[in-house]
Amino acid sequence: MASKRVERKIELLRKQLNYHNYRYYVLDQPEISDFEYDLLYKELEALERKYPEYVTSDSPTQRVGGEVLHEFRTVEHKVKMLSLDNTYSEEELRDFDKRTRKVVDKPIKYETTLKIDGVAVTLNYQDGKFVRGATRGDGIHGDDITQNLRTIRSVPLRLLTDEAALHDIEVRGEVFLPKASFLLLNRERESSGDPLFANPRNAAAGTLKLQDPRAVANRGLDIFIHTIPISPAAKYRSHYAVLKRLHGVGFKIIPHAKLCTSIEEVLDFVAYWQDRRENLDYEVDGLVIKVDDFEARSAIGFTAKSPKWAIAFKYPARQAITRLKDIQLQVGRTGRITPVALLDPVALSGTTISRATLHNEDEIRRRGIKIGDRVVIEKGGEVIPKVVRVIKEKRTGKEKVFRFPTRCPVCEQKTYRLPDEADWRCVNSSCPAQVKGKILHFASRLAMDIEGLGYVLVSNLVDQKLVKGFQDIYKLDPAHVADIERMGEKSAQNLIKSINQSKDRPFTNVLYALGIPNIGINASHLLVERLHDIDNIINASDEDLTKIDGIGEILAKSIKNYFKIKKNMDAVNELRRFGLMFSAKRREIRHRALTGMTFVFSGELKSLTRNEAQELVRKLGGHPSSSISKRTDYLVRGAEPGSKYNRALKLGVKIIDEPTFLKMIGSERTGKQQ
Ligand SMILES: [Zn+2]
């Protein structure tokens, strides 16, 4: 090819790739399949390899690269990065409105957007190309993290516009880690023995500080651009309008924003998002309210620390005060003993709370919690609320110190706590609480999925010594079961039937069902994919195991320990005799179950949170999306589905219910996917 033609071809491919990258990562509305995208990408890569003289830094092939840094360069911000004043009170929002209206004598519009709980960064573009990105630092100087920001797919390396006014701009935004990626990251860190991140913001901040851009690229950071500090041209008088324009040329902006014409409208928006923010897949801790008009902003001006034309409203943490009546101990399937606070019932964000987690002994000691204390409880993103502090001023002197018992509250055998662990455990692997927990796990949806084997029944079976371990359930016959209280003949037969049906579950489910400590469904998938059958897994060396991407040292050790114990091996052998699957079917190895499929969720699911469901889809090779398009493969319909459901109906997207979805992710055993 003549060099002019090569150059033109390369340029064309880059334009196409940039455009499709934007459709995918910014708009979440891809126009071509991943496969088609890969073809374009590979074509560009091949040309660039052959003609390296045409490689430029804004080429999509150069997103992740650069060297491992030893320290970040300090750079000076062209425009200071001020922080915003913030408030928790509506009254102060009204005061803010009064102050601004005193200075500006025309009607004021407030640009009101969700406040993302992430890490503030600034990005500079020259000639439409991303040239530099930095952290806020002290507001005047920040760290140059250009290399790391480039790895974020929603950061455009080149803007999709010829408009000269937008070619040399500085924009600011918030880097964040989606909740689903955060959960996944922490789960991976747990299995590899790394300390966990406290929340998505810490995880995002920690990731931006990594010195290897490749490691950053793997974490799945994302960004919302929310600010352009200087109007790019006289015709842009409204900040809100510029942002909309920036969205059109490549930037991801906060989707939930409103131009409000009065402070009342702002307050309505505040109320609207108070609870709804929980359903978003990123953390939102409040709203940002800014005077929209650039001219009005100059009239209002700044204080030394912050602009006077903007304010952040923060939602208060959801807290309530109640009395801690007692501390109950729960014994889990691995013997771990978890203290739970029993509370006088109290209303908190729409539900009645009567229990809160206390995590472990150290946590109780650190917070100085005594039985009978008045305590402040808080509900964060978690399902179970937690006790945040004790109101010591309210003590009467009758409160009792809680001591962790040295005997298991269920089986009365000894408890122990290893020096490097936070948890007390029951030593007795035949402890009824442990056995019940193990059987319930064995029968659970993602494991053997045995219908009808719930807590009450399992409890009865164990207490009446009809089963001593999960393998024993395959020895039950209807006569045995029918003797159990409130169990009719018909339901006894049904139970036996579903127990027998579970023998067809794929190896991945069986392996997960064994309940090897630290081995979740994802790790099971990895092990089955790579090692194929139980003997390979039992005989694998530490090294064989840790060679598998996603299996760290802790997991490897856990697997080795599990099969060293005779009782566990006996159970495995017995299950084998009953005909359970201990080697992989071909498709378990070849494909992850959802490879290439796009899923959208609408409405609430019963057995999983939205985040967990999305994470599973991702792990199984699929793509969870938040918006419906013709390319969506499945819409999963939960309780009270919303507008996405209607759109799916309109577009003719396949709609499945939750049980069907669970079958698809748990296994492909039914073979029918509607
Ligand atoms: Zn016990």
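Residues numbered from 1 in each chain as written. Predicted model: local features only at pLDDT ≥ 70, side-chain atom pairs only at ≥ 80, totals over all residues. Heavy atoms only, no water.

A. Examining the overall build of the chain more closely. Summing up its helical and strand segments, the chain has 25 helices and 24 strands in all. Here the chain has a C-alpha radius of gyration of 29 Å; the compact-globule value for 674 residues is 26 Å, and the two agree. Judged by the C-alpha coordinates and their principal axes, the chain covers about 85 × 80 × 55 Å. Counting only residues that meet the buried cut, the chain has 49% of its 674 residues in that class. Long-range pairs, those at least 24 residues apart, make up 68% of the contacts in the chain between residues at least 6 apart in sequence. As presented, the chain carries roughly 33,800 Å² of accessible surface, and 48% of it is formed by carbon and sulfur atoms. Counting 112 positive and 91 negative side-chain charges, the chain places the centres of these two groups 2 Å from one another. (Helix = DSSP H or I, 4+ residues; strand = E, 2+ residues; numbered from the N terminus. Rg over C-alpha atoms; globule rule 2.2 N^0.38 Å. Buried < 20%, exposed > 50% of the residue type's maximum accessible area, 1.4 Å probe, protein only. Contact = heavy atoms within 4.5 Å. Areas by Shrake-Rupley, 256 points an atom, 1.4 Å probe, with all protein chains shown as cover. Lys, Arg positive; Asp, Glu negative; His and termini not counted. Charge placed at Lys NZ, Arg CZ, Asp CG, Glu CD.)

B. Quick look at the domain arrangement of the chain. Under the domain assignment, the chain is made up of domain 1 (3-62), domain 2 (76-314), domain 3 (318-405), domain 4 (432-587) and domain 5 (591-666). Its C-alpha centre places domain 2 at a distance of 29 Å from the equivalent point of domain 5. Facing 8 residues of domain 2, the contacting portion of domain 5 comprises 5 residues. Interface area for domain 2 against domain 5, summed over the two sides, is near 660 Å², with a carbon-plus-sulfur share of 51%. Summed over the shared surface of domain 2 and domain 5, the result is 0 salt bridges. Counting the contacts that link domain 2 with domain 5 gives 0 residue pairs in polar contact (both at pLDDT 80 or more). (Domains from an automatic or database assignment. Buried area = accessible area lost by both parts, 1.4 Å probe. Salt bridge = Lys/Arg side-chain N within 4 Å of Asp/Glu carboxyl O. Polar contact = N/O pair within 3.5 Å; in protein donor to acceptor, adjacent residues only side chain to side chain.)

C. Structural context of the pattern of salt bridges. According to the stated counting rule, one finds 35 salt bridges in the structure shown. In this structure, D97 and R101 form a salt bridge, with 3.0 Å as the shortest nitrogen-oxygen distance. Taken together, the residues span about one helical turn, with D97 and R101 both in helix α3 (residues 90-103) at a distance of 4 residues. Accessibility expressed as a relative area gives 5% for D97, which makes it buried. Counted as one network, the salt bridges with shared partners bring together E361, D362, R365 and R417.

D. Up close: the sheet that holds strand β9 (residues 257-260). Taken in spatial order, the 5 strands of this open sheet run β2-β11-β10-β3-β9, and their pairing is mixed. Of all strands in the sheet, those bounded by a partner on one side alone are β2 (86-87) and β9. Strand direction decides the pairing type here: strand β10 (residues 284-291) and strand β11 (residues 310-314), joined by 5 bridges, are antiparallel. Looking across to β11, one finds that K290 is bridged to A310. Together, β2, β3 (110-116), β10 and β11 form the strand contacts of α3, whose direction differs from that of β11 by roughly 170°. On top of the sheet, helix α9 (residues 263-276) reaches β3, β9, β10 and β11; it is set at about 160° to β9, its chief contact. (Pairing = 2+ DSSP bridges. Axes fitted to C-alpha atoms, helices over the stretch in contact; angles between N-to-C directions.)

E. Representation of the environment of A215 in the model. Structurally, A215 can be placed in helix α7 (residues 213-219). Residues A215 and I516, 301 residues apart in the sequence, show an inter-C-alpha distance of 29 Å.

F. Representation of the side chain of T357 within the structure. Here T357 lies in strand β14 (residues 351-357). The exposure class of T357 is buried, given its relative accessible area of 17%. For T357, the side chain forms a polar contact with the main-chain nitrogen of H359, separated by 3.2 Å.

G. Just the packing of aromatic side chains, in detail. Summed over all chains, the structure comprises 23 aromatic pairs. Plain terms: the ring middles of Y272 and W273 are 5.3 Å apart, the flat faces sit at 80° to each other, and that makes the pair edge-to-face. Seen from their ring centres, F302 and W309 are 6.1 Å apart, and the 80° between their planes marks the pair as edge-to-face. A residue is classified by how much of its surface remains accessible, and W309, at 12% relative accessible area, is buried. (Phe/Tyr/Trp six-rings, centres within 6.5 Å; stacked < 30°, edge-to-face > 60°.)

H. View of the coordination of the zinc ion. Distances from the zinc ion to its protein donors, namely C408 (SG), C411 (SG), C426 (SG) and C431 (SG), fall within the range 2.3 Å. Of note is the zinc ion, whose 4 donor atoms meet at the metal with angles of 101 to 115° in an arrangement that counts as tetrahedral. Read N to C, the donor residues that coordinate the zinc ion are spaced as C-x2-C-x14-C-x4-C. Each member of the pair, C408 together with C411, is buried. (Donors = N, O, S within 2.8 Å, 3.2 Å for Na, K, Ca; no water. Tetrahedral: all angles 85-135°; square planar, octahedral: opposite > 155°, others 65-115°.)

I. Highlighting the nonpolar core. With 74 residues, the main nonpolar core has F442, L453, I473, L527, F563, F599 and F661 as its most contacted residues. For this core, the element with the most residues is helix α17 (residues 521-531), which contributes 6 residues. Residue assignment places this core across two domains, with domain 4 (432-587) and domain 5 (591-666) each supplying three or more. In contact with I473, not counting residues within four places along its chain, are I439, F442, I450, L453, V467 and I499. Ranked by size, the runner-up nonpolar core spans 36 residues in total, among them Y125, I152, A204 and F294. (Core = buried A, V, L, I, M, F, W, Y, C linked by side-chain atoms within 4.5 Å.)

J. Layout of the environment of I519. As for its position among the elements, I519 is in the loop between α16 (507-513) and α17. Spatially, the C-alpha atom of I519 lies 24 Å from that of P624, the residues being 105 residues apart in sequence. Ignoring any residue separated from it by four or fewer positions in sequence, one finds I519 in contact with Y512, S524, L527, L555 and I559.

K. Region of interest: the pairing of strand β4 (residues 119-126). With 7 of its 8 residues buried, β4 lies for the most part within the structure. Pairing geometry for β4 and strand β7 (residues 169-176), over 7 bridges, is antiparallel. Note that in β7 the partner of Y125 across the bridge is I169. As judged from the 6 bridges shared by β4 and strand β5 (residues 129-135), these two strands associate in the antiparallel manner. Across the sheet, the residue bridging to Q126 is K129, located in β5. Turn length for the β4-β5 hairpin, with the two strands adjacent in sequence and antiparallel, is 2 residues, and the turn residue D127 shows positive phi of about 50°.

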